[in-house]
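Residue-level structure breakdown
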Amino acid sequence: MKRNLSIIFVVFMVFALVMTGFASKGESDEKKSVAMILPGLKTDEAFNQYTYEGMLRAQKELGIETASREEVTQDEQLEVIRQFAQQGFGIIIGQGGQFGEALQTVAKEFPDQHFVFSVGTDTGGVPNLTAATVSYSHAGYLGGIMAAHTTKRNKVAMITGEWYDPHRQLEASFKAGVAAVNKDVEVTSVTIGSWSDVNKAREASLALIADGYDVLLPCLDAAFVGVLAAAEDSDNVFVVGSVVDMAQVAPDVTVGSVVFNWEELGYQEASGKLLDGKTHILGMAENGITPVTGKLLSAEGKAAVEEAIEALKAGKIDVAP
Amino acid sequence: MSLDMIVNWMQATLRWSVPLILVSTGEVFAERSGVINMGIEGIMLSGALCGIAVSFFTGGVFMAVLVTMALGAMMGLAVAFLTVSRRTNQVVTGLMINMLAMGGTNLLFALLSESRRTRVATFPVLFPQSMHNIPIIGPILFKQPISTWVALILPILSGIVLYKTTWGLNVRAVGDNPQSAATVGLSVIKIKYQTVVLSGIFAALGGCVLTLGEVGYFASGGMTAGRGFIVLAAVVVGGWDPFKTALACLVFGAADAAQLRFQAMGSVIPYQFLQMLPYLVTVIALTIMVEHSRVPKTWGAAYDRRDV
């Protein structure tokens with residue numbers, strides 16, 4: 001019994017050492033240390049990985065110290081953020097819309113440190129909390145231009161997982177972009193209730209295609225490949241990608257993509273450029289969105305996209321930031 | 001509503017239901033013998049990735065099916081060992097398998113990053129092109145991949161096995177009264193092992209059809225999205241009968257295919273309600289069917305041969 005107890009004690013001590021050790025930070029200047037909290041894996045070839053890589057670029061270029069924690073669940077949020085704050089990190093970034101409330105709570109407890117609510121817009125008026133995201137509106141508008149120049153049957157559709165504020169914004173500006181090219185094009189949207197259900201994404205796409213829609217814009221996580229599969233299996237159906245460059249997966253059906261520049265977002269957050277307690281939305285002018293077009297888009301369409309990019313940069317187009 | 005749309009909707013219903021029917025076939029046998037294999041969601045997910053991975057590396061769909069079945073058998077064996085031999089709680093064991101599969105597939109798929117960008121070979125279509133154009137039944141039946149035909153024949157076959165063979169009778173006896181079954185000389189443990197391994201094989205196969213049926217892609221983050229749990233509900237709705245369970249899967253598929261079409265048409269009904277529709281149908285069916293169905297007597301209970 002005694003031996004068991006001592007083994008448990010040793011295991012506990014080792015565990016405690018590891019827990020405190022893996023994110024400990026030196027005695028350096030507070031402003032120059034950054035901690036990033038990720039909801040998923042930093043190898044997911046998506047949002048988690050790219051924002052993390054942005055922070056690593058800042059580390060390399062600016063010589064800051066960094067730490068991170070992956071796969072932080074809803075119930076761990078407060079604990080993890082608080083832990084980083086207690087260790088004295090100058091900037092603590094919560095990566096993802098689900099961190100809003102936890103960041104507000106901890107930011108009030110540690111008023112001398114900076115907190116960044118990433119992929120969010122609401123700071124709750126806490127002075128040391130800054131919100132930053134990429135512009136879903138600019139992405140939607142450019143996607144709309146591409147889609148309207150591609151459709152032959154004047155029917156285009158958006159497929160998403162669930163309606164959150166950014167997706168509503170993307171939808172509104174997608175409609176605005178389509179209408180800017182051709183007012184007669186019908187726009188609809190379908191939610192599949194999941195971000196990773198490939199089969200359902202494909203089913204939703206096939207339902208739209210059967211209804212005559214010939215250009216699809218997926219705004220999904222991993223499930224977007226289902227939309228690509230549906231387009232590949234149908235005749236004369238094309239995809240305008242969002243979030244990632246979908247031509248990398250399906251070059252035969254992707255006319256272009258509005259790529260979210262997560263790496264740039266992570267870089268700007270970690271470099272300490274944005275710490276003013278306001279909300280920053282990185283649009284075309286701030287390098288938050290990178291539109292890419294392929295050979296399937298007509299020359300006319302490409303010219304329209306270029307024109308729209310310039311207009312967005314100059315702030316001449318009436319969509320949400 | 002035109003004929004084309006109805007045909008299209010029926011095609012979608014079949015595509016949706018086929019993986020569910022395959023998974024439910026095995027689950028009916030496991031539950032008939034008294035064991036609820038709650039791990040089918042995770043086994044399905046593992047089967048989905050296994051199918052993609054083997055098809056990606058070997059290019060052979062047949063090979064992919066064989067390897068997936070072997071994986072399913074192994075996972076089924078693990079569930080059987082825990083729930084039958086070790087008498088662990090069947091719900092907890094299932095959830096553990098599901099969590100393990102979720103983390104495991106995410107990790108393994110991250111290592112297979114090449115296959116993310118490649119659409120792998122999928123199941124062949126049995127019938128020649130000329131038969132696809134037969135009105136109505138052409139697109140609904142003859143254009144479907146081989147897996148659809150397997151799923152349509154399977155409930156009939158498993159009905160025969162369950163009700164007309166000695167082994168089927170043994171399975172039912174073990175689920176209803178294992179003590180009596182043991183008294184007449186049946187090996188209760190062995191039969192439970194057999195059915196649970198069977199449920200593992202079919203769950204993996206169902207997952208494999210999910211990715212290799214027509215899609216040809218895998219996605220991390222749990223692409224089965226609760227289909228295993230829908231099957232668990234379908235088995236109860238179907239009253240532990242292979243044929244009625246398959247019917248329940250078809251109804252669910254039809255409801256989901258319909259709601260996506262309503263959304264596409266821009267219906268005035270809020271999308272949340274439409275998304276809920278298939279589940280609502282399931283709940284209503286459950287409430288109605290529970291009256292008429294007969295639960296296996298030792299459903300979900302552990303069997304200990306020392307109990308009298």
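Further up the page is the structure itself.
Below is a short write-up of the structure. Treat the numbers as computed from the prediction; the structure is a model and nothing was measured.

Once that is clear, we can look at the overall build of chain B. When helices and strands are tallied, chain B shows 13 helices and 0 strands. Going from N to C terminus, chain B has its helices and strands arranged as α-α-α-α-α-α-α-α-α-α-α-α-α. For a compact globule of 308 residues, the expected C-alpha radius of gyration is about 19 Å, and chain B comes in at 20 Å, within 12% of that figure. For the C-alpha atoms alone, the extent of chain B along its principal axes is close to 60 × 45 × 40 Å. With 308 residues in all, chain B has 50% of them scored as buried. Taking contacts inside chain B between residues at least 6 apart in sequence as the whole, the part at least 24 apart equals 79%.

Residue and element names in this part refer to chain A. Spatial ordering of the open sheet is given by β7-β6-β8-β9-β10-β12, a layout of 6 strands whose pairing is mixed. Of all the strands in the sheet, the pair left with one neighbour each is β7 (186-191) and β12 (289-293). Within this sheet the neighbouring strands show an average axis-to-axis angle of 15°, counted without direction. For strand β10 (residues 254-260) and β12, the ladder comprises 5 bridges, and the chain directions are antiparallel. Pairing of valine 258 across the sheet is with proline 291, part of β12.

Moving on, we come to the interface of chain B and chain A. Listed per partner, the contact involves 30 residues of chain B and 31 residues of chain A. Secondary structure elements with two or more residues in the side of chain B that touches chain A: α1 (3-32), α4 (90-111), α12 (242-264) and α13 (271-290) of chain B. Here the residues of the side of chain B that touches chain A sort into 15 nonpolar, 10 polar and 5 charged.

All names here are of chain A. Sheet architecture is open: 6 strands sit in the order β2-β1-β3-β4-β5-β11, paired in parallel fashion. Either end of the sheet is taken by a strand with one partner, and the two such strands are β2 (65-69) and β11 (279-282). Taken over all neighbouring pairs, the strand axes of this sheet differ in orientation by 20° on average, direction set aside. The pairing of strand β1 (residues 33-37) with β2 spans 5 bridges and is parallel. Within the sheet, the bridge partner assigned to methionine 36 lies in β2 and is serine 68.

How each quantity is defined
Each chain has its residues counted from 1, running along the sequence as written. By the order in which they are written, chains take letters starting at A while ligands take numbers starting at 1. Reporting in this predicted model follows two pLDDT cut-offs: at least 70 for local features of residues, and 80 or more for side-chain atom pairs to be given and counted; totals over whole chains, interfaces and linings ignore these cut-offs and use all residues. The way it works is that DSSP assigns letters per residue, a run of H or I at least four long becomes a helix, a run of E at least two long becomes a strand, and they are numbered from the N terminus. We take the radius of gyration over the C-alpha atoms and set the globule estimate at 2.2 Å times the residue count to the 0.38 power. Neighbour density around each residue's C-beta defines its exposure: 20 or more other C-beta atoms within 10 Å make it buried, 12 or fewer make it exposed, and counts between make it partly exposed, where C-beta atoms are placed from the backbone. Once C-beta atoms have been placed from the backbone, residue pairs whose C-beta atoms lie within 7 Å are recorded as contacts. By the convention used here, strands pair only if DSSP detects at least 2 bridges between them. The axes used here are C-alpha line fits, helices contributing only the stretch in contact, and every angle between their N-to-C directions lies in the interval 0 to 180 degrees. Lys, Arg, Asp and Glu make up the charged group, whereas Ala, Val, Leu, Ile, Met, Phe, Trp, Tyr, Cys and Pro make up the nonpolar group; the residues left over, Gly among them, are polar.

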